[in-house]
Amino acid sequence: NTSHHEVNVAAIAIAIAQECGFAQQFPMQMPHLIAGALLHDIEHHYDNLDLSKRPTDLPEAQKHIYQRHGRMGAEKIKSHHFYDPLIATVVYQHEETFDGGGPDGLREKDIHLAAQIIAVANAFDQYLQYDKIDPREALRRILIEKMGVL
């Protein structure tokens, strides 16, 4: 369920932001980070993808739709007169990876820090949801596959 995932990602992102000092260094951005985490997959409420599968296991046509969900979600947010540019940015960038392997090829320096936090929280929740692995193993995989740290 997308809403459950979005709440999980928001809770994990808050914990990461507090643990890494983002919340202390950028306290005025925390509401944007939280709102962005809650809305990061807003497009999935419209695209009818089968989210019971890992994105990599979707049929080719659905993979293309999945790859655009960040951009399309940001456009939906921008269509509201009350939208916040930072929220739209983190929704747009939440699938990007440090090495440029995300949907738009952005690299670490071009990805907003709040979007990086949400990306890690999103990956962590997906590992737990799809792979049913231990949280420590999920963190190890994120460090290797998403961030190239280990």
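Cut-offs used in this document
- Residues numbered from 1 in each chain as written.
- Predicted model: local features only at pLDDT ≥ 70, side-chain atom pairs only at ≥ 80, totals over all residues.
- Heavy atoms only, no water.
- Helix = DSSP H or I, 4+ residues; strand = E, 2+ residues; numbered from the N terminus.
- Contact = heavy atoms within 4.5 Å.
- Axes fitted to C-alpha atoms, helices over the stretch in contact; angles between N-to-C directions.
- Parallel < 35°, antiparallel > 145°, perpendicular 65-115°, else oblique.
- Left-handed = near helix turned anticlockwise from the far one by under 90°.
- Nonpolar A, V, L, I, M, F, W, Y, C, P; charged D, E, K, R; others polar.

Trainee: An account of the side chain of glutamine 126 is requested, with residue identities and associated values reported.
Mentor: Looking at the secondary structure, you find glutamine 126 in helix α8 (residues 113-131). Not counting chain neighbours up to four residues away, the residues in contact with glutamine 126 comprise His5, Arg54, Pro55, Tyr66 and Asp131.

Trainee: Give me the packing of helix α1 (residues 2-20) against α8: which residues, what numbers.
Mentor: Interaxial distance between α1 and α8 falls to 8 Å at its minimum, and their mutual angle equals 130°. With respect to each other, α1 and α8 are oriented oblique. Here α1 runs over α8; the crossing is right-handed. Counting all contacts with α1, which are made through His5, Asn8, Val9, Ile12, Ala13, Ile16, Ala17 and Cys20, the residues of α8 involved are Ile117, Ile118, Val120, Ala121, Asn122, Phe124, Asp125, Gln126 and Gln129. In terms of residue class, the contact of α1 with α8 is built from 11 nonpolar, five polar and one charged.

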